[in-house]
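Architecture and fold: a report
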Amino acid sequence: MPSSLPPPSKKRKIQESQNIKEAQRLEQILTDAINTNSSLNPLADLVDLSARAKDARDISKAIYALYRVFVLLLNEGKLEVDGTEEATAVKTWIREQMNRYVNVLGALFKHAEKTIRLSALQILFSLQKHLSSSISAPSKPQFHVSHFKRIVSFLLLGPPGHSPSIDPDVLHEFHDKWFSENDDIRWFFLREAATLLHNHPDSQDAPVNLLTILQGLTTFPTEQAELNSWWVSELGAKPPKPKKAKGGADASEDEDEAKPAGTEADDDDWRKFFDDEPEAGMGKDKAPSARLHNLTIHQSLHSLPSHRAVFTRAWLTLLPRLTIKGDPDLSRALAVRALNVMHRGVLPHLTRAVLVMDWIAACVDYGGSPGLLALNALFVLIKEYNLDYPFFYKRLYAFLDRDVLHLKHRARFFRMAEVFLSSTHLPATLLASFVKRLARLSLSAPPAAIVMVIPFTYNILKRHPKLMPMIHRSDYDGAEEDPFLPLDSDPQQTNALASSLWELATHRQHYHAGVSTLAKIFSEAFTKPSYAMEDFLDHTYGTLFETEAKRKIKKEPALALDMGKDLERLFPVTREDRPTMEGGVVQDLWVFA
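All values derive from a computational prediction rather than experimental measurement.

1. Comments concerning the environment of L43
Locating L43 in the fold gives a position in helix α2 (residues 42-52). Take L43: its relative accessible area is 1%, and that puts it in the buried class. Sequence separation between L43 and M98 is 55 residues, and the spatial gap between their C-alpha atoms is 9.4 Å.

2. Notes on the side chain of Q128
Mapping Q128 onto the fold places it in helix α5 (residues 114-135). Residue contacts for Q128: discarding those within four places in its chain leaves F143, H144, H147, F148 and I151.

3. Description of the nonpolar core
Counting 163 residues, the largest nonpolar core has F174, F189, W315, W359 and Y393 as the members making the most contacts within it. Residue contacts for F174: discarding those within four places in its chain leaves L121, F125, L155, F179, I185, F189 and I213.

4. Here's the deal with helix α13 (residues 328-346)
Between its first and last C-alpha atoms α13 spans 24 Å; for 19 residues at 1.5 Å apiece the expected length is 27 Å, and the helix comes up short by more than 12%. At N340, α13 is bent by approximately 25°, the largest bend along its length. On the buried face of α13, the contacting elements are α9 (205-214), α12 (304-318), α14 (357-363) and α15 (368-385).

5. Focus: unusual backbone geometry
Residues other than glycine seldom take positive phi values, yet N37 does so here, at roughly 60°. Inspection of the secondary structure assignment puts N37 in the loop between α1 (8-36) and α2.

6. Points about the packing of aromatic side chains
In this structure the tally under the stated criterion is 23 aromatic pairs. Note on F125 and F148: the rings are 6.4 Å apart at their centroids and 75° apart in plane angle, and the pair reads as edge-to-face. One end of the pair, F125, is in helix α5; the other, F148, is in helix α6 (residues 145-156), with 23 residues separating them in the sequence. Looking at F148, the relative accessible area reads 1%, which means it is buried. A ring pair is formed by F143 and F148, whose centres lie 5.3 Å apart and whose planes are at 75°; its orientation type is edge-to-face. With respect to burial, F143 and F148 carry one shared label: buried. Cluster of aromatic residues (ring-pair linked, three or more members): F125, F143, F148, F174, W178, F179, W187, F188, F189 and W231.

Cut-offs used in this document
Residues numbered from 1 in each chain as written. Predicted model: local features only at pLDDT ≥ 70, side-chain atom pairs only at ≥ 80, totals over all residues. Heavy atoms only, no water. Helix = DSSP H or I, 4+ residues; strand = E, 2+ residues; numbered from the N terminus. Buried < 20%, exposed > 50% of the residue type's maximum accessible area, 1.4 Å probe, protein only. Contact = heavy atoms within 4.5 Å. Core = buried A, V, L, I, M, F, W, Y, C linked by side-chain atoms within 4.5 Å. Expected span 1.5 Å × (residues − 1). Bend = angle between axes of the 7 residues up to and from the residue. Phe/Tyr/Trp six-rings, centres within 6.5 Å; stacked < 30°, edge-to-face > 60°.

So far we have only geometry, and geometry alone does not tell us how the molecule works.
Set out below in C-alpha cells:
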C-alpha cells in the first residue's frame, strides 16, 4: 500500500518554507514591539531559529532578520542605560541576545556555503559601525572595542568549538574590504591582534592566520594625507590638537575619557613602540612638546606615528611565535613567508627597523632559502638603517657549500650575492675568497650552474681590478700547490688572493659547448661590458638542451665514413669469420660475433 506521506524532498521544502515564514513573522512582531515599546521576548526565539537552521536560505533569512531588528534597537536607543533598575535589566537581556547572535555569526564562518560565510562577516562589520555610532557623541567619537575584539578572535582563533583555521574566503574578504581599505579598522585590528597573541601564547593557528593577513598588506600609509578612509564615519572628524606635555596629567586625563568601552589599559602597551625618548642633555629651556604616547585614541587614529607603533607591536609579537615547537618544516615555511615581505612591506613602516634584527639573525641559521632571505633583510638593515653586523660576509661565505650550486634556490643566491658584493669598497681579500670558492665548487657543478658562475666572476673581476692576477698567475701548476685554504670559514683568512682561478680555466675543455665557449672569456681582453646576470639565472638542463636543439647549424657535419684501413683497425674481424648477410657493409657492422 503506497504511503500517504510526502516524499523526503518535499518534506524538506515544507520545513524550509515554515522556517522562512517563522523568521518573517518574528521579525514583524519585534518591529511592532520596538515601535510600541512592548515585550521583546520573541527576540530569543528568533536567535534560537538562526542557531538551529541548517538550510542556507533559512540561515540567511534568520540572520538578516536579526540584523534589521538589532539595528532598529540601536537606532531607537534601546541599549542605552537610563538608570532605572527595570530598564537596566531589559538592556542587559538584549545584550545577552546580541552576544548569542554574534556567536551564531562567528560559527557561520565554518559554514559550507561561501555566501553564508561572507554574509556573516559583512553583518558583523555592519554591526560594528552601528554599535560604534550608538556610543559616540559629536565631540567624542567612539569605536566599540568589545564587539571588535570578538571579530578579531573569530578571525585568528576561529569560532568556539570549531577548527581554528579560518576559510580563505573569509580572510581575503576581510583583508580586501576592510583591513586594506579603512584606517580605523586596520589600527584597531593591529592593536587587538597583538593583544590576542599575547594572551594566547600556545595557539599555533592564530600566528598563521595573522601572518596571512599581514603579508598581503600593501596599502599601509606612508604619509599623513593618506589617513582618509574610515569605516566608522564619526572617527573621520578632525580631532582636537594634542596638548603640550606638562608632566602628563592633562593628557592622561583626556586619554582616559576618550578610551572606548572594553579597553584594558594593562594589555594596551602599543604606545611604548613610539619614537625614542629625548636624549639626555637637551636644553631644559626648550618648550615642551606633546608626547606621542599621550595622544587620545581619536588623535592616535589621525597620527601616522601611532599607526606605525601598532604595526610595529603586531609584528614584534608575531615573529617569535612563527617558530612552531616540534615542527621545524612549518617553522621554516612560515619564516620564508615573513621574510619574503620583510624588506619591502615591514621594515619601512616600523618605528625602529633594528627591533627585528635578532629574529632575522636567528633565521640565518635555517640555511637554504630562509637563510638567504634573512641575509637579504640584514643587508637592508645594514645599508639603509645603519645596522652594525660585522659577521655578515662571514655568514654569507658559509652558504657557499657543496649544495649551493645544485639546489633550486641557487638563482636566488646569485641575485642576492650580486647585490651584496656590488660595493667597490669591499676588501680584495674578501672578494677573492668568494670567487675562488665558487670556482672550486664549479668543478662538480652541473652546466646550468657553471653558466651562472662564469659571468658572475667576470663581473666581479671587471669591477675590482685588484683581482686580475688570479686569472694571469702561473707560478704553480696543479691543485696540490694551490695556496687557497678551502676549509677556513673566515673569508679574510683563506689566502685566496695568492691563488688563481685555474678551476675556471679547465672549463674551456668542458663537454658542453656553451660552457666551454663562455669560459674562454677570461683569456680575452676585459673590454666587454658586464654581463646581465638575469640572462643566466634561469638556465636548467632543459633550457640548455632547448638552446642547443634550436641552434642554427652554420656548417653541416660530416656523415660519411671512409670504409678503409680505419674500419679494419677498429673492427679486426676477418671476412671469413663474419657471417654472410644481405644488406652491405653497414649492416655487417652491426653484427657482433
